[in-house]
Amino acid sequence: MNETTHKTQPILTMRGIDKSFPGVHALRNVDLDLIAGEVLALLGENGAGKSTLIRVLGGAHSLDKGTIHIDGQAVSVDSPQESQAAGISIIYQEFNLVPALSVRENVFLGQEPSRLSIIPVEKERKRTRELFAKIGVTIDPDALVRDLTIAEQQVVEIAKALATDARIIVMDEPTAALSPNEVEGLFTIIRDLRSQGIGIVYVSHRLVEIFEIADRVTVLRDGSLVGTKPIGELTRESMIEMMVGRKLENEFPKRSSGSTPETSAGEGGLVVSNLCRGDAVRNVSFQVKRGELVALTGLVGAGRTETVRLIFGADRRDAGDILLDGKKLAVSKPRDAIAAGICLLTEDRKHQGLVLKRSVLENFGLPNMSRFAPRGWIDQKQERSAFDGYVKQLRVKVASRDQLAANLSGGNQQKIVLARWLERNAEVIIFDEPTRGIDVGAKYEIYLLMNELAAQGKVVLMISSELPEVIGMADRILVMHEGRITGEIADGRAATQEQIMDLAVQ
Amino acid sequence: MKKFLLNNGSVVVLVLLCVYYSIVTIGRQHPVTPAAGEEVAQAILADTKAPSVLIVTRDTDQDREFARAVRAVIEAGGGTIVDSVHGIAIDAGRAIRTAGEAGKQVDAIATHQPSSEWGPLKTERLEESRNEFRSLRGVKLYKPVSYVWPSFLTRPNLVNVVNQNADIAIIAIGMTLVIITAGIDLSVGSLVAVAGVVTAVTIQKWAGGADAGAAGMIGCSLIGIGVCLLCGVFNGVMVTYFRVPAFVVTLGIMMVARGVALIIAVQYQSSLLGGGTKGTPEAVKVEAIAWPWLGNGSILGVPNPILLMLVLYILAHLVMTRTSFGRYVYAVGGNPEAARLSGVPVFAVLISVYALCGAMAGLAGVIDASRFEGGRPIAGDLYELKVIAAVVVGGTSLAGGEGRIFGTLIGAMIIAVIENGLNMAGVASYEQKIVFGLLILVAVLLDRLKARD
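Residues numbered from 1 in each chain as written. Chains lettered and ligands numbered in written order. Predicted model: local features only at pLDDT ≥ 70, side-chain atom pairs only at ≥ 80, totals over all residues. Heavy atoms only, no water.

## Structural notes on the nonpolar core
Counting 131 residues, the largest nonpolar core has A:I169 and A:I210 as its most contacted members. Ranked by the residues each element gives to this core, the list is headed by helix α6 (residues 150-163) of chain A, at eight residues. Apart from residues no more than four positions distant in its own chain, A:I169 is found in contact with A:S89, A:I91, A:A161, A:L162, A:L193, A:I198, A:G199, A:I200 and A:V201. Formed by 103 residues, the second largest nonpolar core is a distinct cluster that contains B:M217, B:A246, B:A359 and B:A379. (Core = buried A, V, L, I, M, F, W, Y, C linked by side-chain atoms within 4.5 Å. Buried < 20%, exposed > 50% of the residue type's maximum accessible area, 1.4 Å probe, protein only. Helix = DSSP H or I, 4+ residues; strand = E, 2+ residues; numbered from the N terminus. Contact = heavy atoms within 4.5 Å.)

## Re the domain arrangement of chain A
With domains assigned, chain A is organised as domain 1 (3-244), domain 2 (263-341 + 426-505) and domain 3 (358-424). Using only C-alpha atoms to locate each centre, domain 1 of chain A and domain 3 of chain A end up separated by 46 Å. (Domains from an automatic or database assignment.)

## So, the pairing of strand β18 (residues 459-463) of chain A
Residue and element names in this part refer to chain A. Of all five residues in β18, five are buried, a share of seventy percent or more. Neither face of β18 is exposed, since V459, L461 and I463 on one face and V460 and M462 on the opposite face are all buried. The sheet contact formed by strand β13 (residues 293-298) and β18 spans four bridges and is parallel. Bridge pairing links A295 to M462 in β18. Here strand β17 (residues 428-432) runs beside β18; their pairing, made up of five bridges, is parallel. (Pairing = 2+ DSSP bridges.)

## A word on the state of the cysteines
Residue and element names in this part refer to chain B. On inspection of all chains with the given rule, the structure shows zero disulfides over all chains. For C220, which is in no disulfide, the shortest distance to another cysteine sulfur is to C228 and amounts to 14 Å. On the basis of relative accessible area, C220 is assigned to the buried category, the value being 6%. (Disulfide = S-S within 2.5 Å.)

## Here's the deal with the packing of helix α14 (residues 304-322) of chain B against helix α19 (residues 405-424) of chain B
Residues and elements named next belong to chain B. Between α14 and α19, the least distance of the axes is 8 Å, while the angle of their chain directions is 145 degrees. In this structure, α14 uses M309, Y313, I314, A316, H317 and M320 to contact α19, whose residues at the interface are I405, F406, T408, L409 and M413. Its residues assigned to classes, the contact of α14 with α19 comprises nine nonpolar, two polar and no charged. (Axes fitted to C-alpha atoms, helices over the stretch in contact; angles between N-to-C directions. Nonpolar A, V, L, I, M, F, W, Y, C, P; charged D, E, K, R; others polar.)

## Digging into the sheet that holds strand β2 (residues 52-57) of chain B
All names here are of chain B. The strand order β3-β2-β4-β5 describes an open sheet built from four strands, whose pairing is parallel. Every other strand in the sheet has two partners, leaving β3 (80-86) and β5 (140-142) as the edge strands with one partner each. Across the sheet, the mean angle from the axis of one strand to that of its neighbour is 20 degrees, orientation sign disregarded. The pairing of strand β4 (residues 108-110) with β5 spans three bridges and is parallel. Looking at β5, one finds that A110 is bridged to Y142. Helix-sheet contacts for helix α4 (residues 61-76) involve β2, β3 and β4, and the interaxial angle to β3 is about 175 degrees.

## Things to note about the domain arrangement of chain B
The assigned domain composition of chain B is domain 1 (34-145) and domain 2 (156-452). Relative to domain 2 of chain B, the C-alpha centre of domain 1 of chain B lies at a distance of 48 Å.

## Remarks on the packing of aromatic side chains
Going through the model one piece at a time under the given rule, you end up with nine aromatic pairs over all chains. Their ring planes at 50 degrees and their centres at 5.7 Å tell us that A:F364 and A:Y390 sit as a pair that is tilted. With A:F364 in helix α14 (residues 360-365) and A:Y390 in helix α16 (residues 380-393), the pair connects residues that are 26 residues apart, well separated along the chain. Of the two residues, A:F364 and A:Y390, both sit in the buried class. Grouping aromatic residues by their ring pairs yields a cluster made of A:F364, A:F372, A:F387 and A:Y390. When the ring centre of B:Y330 is taken as reference, the NZ or CZ atom of A:R358 above it lies at 3.8 Å. (Phe/Tyr/Trp six-rings, centres within 6.5 Å; stacked < 30°, edge-to-face > 60°. Lys NZ or Arg CZ within 6 Å of the ring centre and 35° of its normal.)

## Brief notes about the sheet that holds β13(A)
All names here are of chain A. Taken in spatial order, the six strands of this open sheet run β16-β17-β18-β13-β19-β20, and their pairing is mixed. On the outer flanks of this sheet lie β16 (342-345) and β20 (484-489), each paired with one strand and no other. Looking at each pair of strands side by side, their axes are set apart by 20 degrees on average, direction ignored. Lying on the sheet, helix α11 (residues 304-312) is in contact with β13, β16, β17, β18 and β19 (476-481); it crosses β16 at an angle near 145 degrees. In this fold helix α17 (residues 410-423) packs onto β16 and β17, with an angle of close to 175 degrees to the strand it touches most, β16.

## Here's the deal with the side chain of A:T164
Residues and elements named next belong to chain A. Tracing the chain through its elements places T164 in the loop between α6 and β7 (168-172). In this structure the side chain of T164 is engaged in a polar contact, spanning 2.6 Å, whose partner is the backbone oxygen of A161. Aside from chain neighbours lying at most four places away, what touches T164 is Q84 and Q111. (Polar contact = N/O pair within 3.5 Å; in protein donor to acceptor, adjacent residues only side chain to side chain.)

## Observations concerning the interface of chain B and chain A
At the interface, 24 residues of chain B touch 29 residues of chain A. Sorting the residues of chain B by area buried against chain A places B:R322, B:R327 and B:L341 first, and these three jointly supply 33% of that buried surface. Summed over the shared surface of chain B and chain A, the number is two salt bridges. A salt bridge links B:R327 to A:E383; the shortest N-O distance between them is 2.6 Å. Here chain B is connected to chain A by 13 residue pairs in polar contact (both at pLDDT 80 or more). The set of elements that each furnish at least two residues to the side of chain B that touches chain A consists of α14, α15 (324-334) and α16 (336-341) of chain B. Looking at the side of chain B that touches chain A, its residues break down into 10 nonpolar, nine polar and five charged. (Buried area = accessible area lost by both parts, 1.4 Å probe. Salt bridge = Lys/Arg side-chain N within 4 Å of Asp/Glu carboxyl O.)

## A short note on the pattern of salt bridges
Residue and element names in this part refer to chain A. This structure, assessed with the given rule, holds 41 salt bridges over all chains. For D502, the salt bridge is made with R236, and the minimal N-O distance between the two is 2.9 Å. Of this pair, D502 sits in helix α20 (residues 497-505) while R236 sits in helix α9 (residues 236-244), placing them 266 residues apart in sequence. Overall, the relative accessible area of 19% leaves R236 in the buried class.

## Here we look at the environment of A:E173
Residue and element names in this part refer to chain A. Relative to the elements of secondary structure, E173 occurs in the loop between β7 and α7 (180-195). Residue E173 is classed as buried on the basis of its relative accessible area, which comes to 14%. Placed 121 residues apart in sequence, E173 and V294 show a C-alpha to C-alpha distance of 29 Å.

## Quick look at the side chain of A:E469
Residues and elements named next belong to chain A. Among the secondary structure elements, E469 is positioned in helix α19 (residues 467-473). Among the residues examined, E469 registers a relative accessible area of 1% and is labelled buried. Setting aside residues no more than four positions away along its own chain, E469 makes contact with F252, P434, T435, Y447, M462 and S464.

As structure tokens, then:
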């Protein structure tokens with residue numbers, strides 16, 4: 001066999017892939033080539049379009065424009081079944097395994113010979129053993145998946161992919177939950193698969209791994225292709241530059257009266273020390289002074305949301321103290337945190353922020369019942385006039401007080417949530433991805449409000465994955481990686497995206 | 001128009017049902033009311049000056065009211081009442097004969113349609129009497145004018161429909177709250193029995209039985225209701241702290257509570273008979289004279305259970321729309337996580353809701369025990385299904401977060417009207433089950449259509 005042609009013939013060719021969701025142009029004219037027997041790393045910031053591209057390939061999203069060729073043949077992958085039939089197998093970050101079934105049953109799930117015929121158990125068991133032998137591991141085919149380790153489950157996913165005779169395997173953050181030893185094991189398997197002529201698309205935030213395993217690197221940014229380069233031509237710095245390489249636009253409001261952290265930040269404020277919760281949050285300590293706007297950033301899954309949920313009492317912390325203005329707070333549930341003056345604007349407004357089935361007025365009043373209804377009886381006049389005041393002040397677009405929260409745009413939903421906490425007179429305001437899913441105009445208004453809150457001497461903590469936003473807004477930047485704070489940039493405005501990414505990817 | 005129908009579908013359904021049953025039950029109405037009695041008396045006075053009148057009716061409270069009205073008008077018009085007979089056909093015949101043999105003049109016999117069918121009052125027998133006795137020669141029979149009217153749409157029937165279902169409607173208040181929190185409570189039917197039996201036994205044992213005073217009876221009723229409230233608290237604790245599905249917990253309590261009610265009744269019965277069980281008693285009798293007042297009495301002509309029901313509905317409506325508790329209930333049902341992160345004490349709200357539902361079932365049990373003058377261990381059988389049906393038909397979403405208290409009242413009335421109408425139209429109970437089942441399916445379907453809009 002001619003090794004060189006084998007190495008250069010792409011088995012997968014994607015051309016001009018375009019995909020839009022309401023309000024978001026997720027993929028713009030993306031090209032991608034995968035050669036048999038290579039590992040192609042797919043890189044990009046959060047929201048760059050990697051997941052969408054994978055989902056298009058897996059048949060979970062239909063594409064708006066573009067073509068997909070496998071071995072030069074045009075194929076359509078409008079459903080997961082078609083994708084599988086075309087020889088593509090996707091291993092998502094959340095495994096698609098049934099915990100209560102055996103390894104063998106999971107490997108052959110969806111491939112039973114026909115609805116009514118008897119399953120050839122012995123044959124399947126033998127084939128499962130063969131697959132594991134090919135990968136080079138020993139797992140009992142009759143063990144239940146729920147009894148396996150995460151690494152073993154990963155292997156089962158791979159076996160499942162091989163069982164369908166997949167020639168293209170996509171792995172989305174496969175090492176996210178693995179220990180260093182297990183990562184080594186996985187790499188051995190991947191190299192083995194590569195030598196068998198299988199094309200592998202490898203998605204990861206861990207640049208170290210990319211250098212170890214990838215042959216070529218494709219980078220996406222804002223839904224567009226930045227470029228594809230062989231790993232040998234890249235350095236860590238050039239990779240990060242490709243990922244972020246976006247110019248800062250003047251989309252962030254200036255702080256009023258030229259305030260800087262040195263002059264305006266008062267004493268006191270929020271101090272957290274040694275917060276811990278399992279592997280998600282490990283020994284996190286930091287301080288946010290009054291009048292300061294601090295950004296907490298890092299990649300998705302770095303433990304940022306988990307950290308602020310501990311401060312807010314939404315999850316139980318294993319250890320750690322929370323102090324406000326030098327006073328230790330006993331926060332064990334959100335109710336305690338709210339009473340102490342801490343509030344959280346959750347990232348997921350639809351599921352964690354608002355009761356969508358109820359009116360905007362009710363949503364506004366929900367945490368403020370102690371004010372509007374001190375004896376249980378709601379002072380409707382007071383509640384309505386307070387609500388109307390915020391609608392005017394924050395320029396919320398609502399049809400009426402009785403409009404359902406579900407029928408508002410993202411920006412207006414965020415404003416309703418903000419209004420309720422402002423009414424609560426919170427001292428510590430934590431924004432988790434405050435501008436996600438919000439249009440540009442509303443974004444600017446939210447930024448203005450955040451600045452104003454800081455200027456009023458409140459403690460403002462913002463989680464954001466959007467580096468321009470972090471740099472544009474924060475007085476100080478904290479970076480997290482795998483549950484730890486891995487760095488602090490004292491002057492937020494002077495930070496560079498490369499600097500932050502460097503701390504975030506390790 | 002479509003929106004109006006979807007939002008007020010239950011009201012429309014209720015009105016349509018009433019119209020339908022009114023049409024189906026149209027027939028001759030033979031009134032036996034005080035007004036009808038006055039009308040008869042006026043007719044007699046118009047024909048005869050200073051008449052001597054014999055009144056003949058059945059022996060019921062209603063008939064006596066009728067007779068009293070006749071007597072009052074006749075006597076006011078200068079006439080005399082020869083005799084007022086309340087009984088059966090033989091009594092009427094005997095009265096006529098007695099009057100005739102005594103030579104008492106009788107100008108008119110005042111009666112109503114049902115009694116006018118009796119033998120001695122039939123045209124030919126009256127003719128015989130006229131010929132036999134001189135004093136009866138001029139006697140004429142008077143009865144109220146019959147008219148055509150739907151028997152469904154009469155005051156006694158409508159009051160009866162509502163009264164019979166007041167207990168279900170009261171429990172449905174609690175169930176509405178539970179279902180708004182996306183839960184369910186299957187234990188209410190059995191709790192009705194527990195409350196009735198516990199209240200009855202405590203009145204008999206501790207409050208003095210036949211001599212029980214008002215305070216004692218109220219206290220014992222509160223014990224009965226309190227036991228049910230505690231069962232509700234248990235349900236709530238299991239649902240919240242132990243995360244057991246509401247369906248399962250309340251199914252368990254449903255069986256336990258029924259068993260407890262039966263055991264208490266049997267034990268009490270055997271203790272009365274000095275040991276040795278004699279089967280399951282129908283009810284634990286309450287001997288206090290004032291006891292049936294709650295279930296059978298009325299104020300200004302409105303039965304007490306209806307008054308109680310209306311008061312509770314108004315209260316519940318205010319609680320759900322005007323208090324922080326009401327807001328919390330809706331929020332917890334609509335999105336428990338968002339509610340928790342907004343500082344709503346989710347567990348406390350859920351436990352209160354189940355406790356309230358239990359207490360409402362307990363109150364219904366007390367009403368039932370008062371109505372039947374004793375705590376019945378088999379009371380409230382299958383009530384849970386009727387109550388849930390009422391809530392669902394009333395437009396409360398099983399998915400939680402939505403629902404109106406007065407919607408449930410309409411739902412309860414729909415169930416009541418259908419049952420009553422079907423009975424009047426002579427539909428057998430088996431067919432009624434089919435109609436009920438279909439009704440619930442249609443209600444849920446409407447709910448889905450609304451959700452899709």
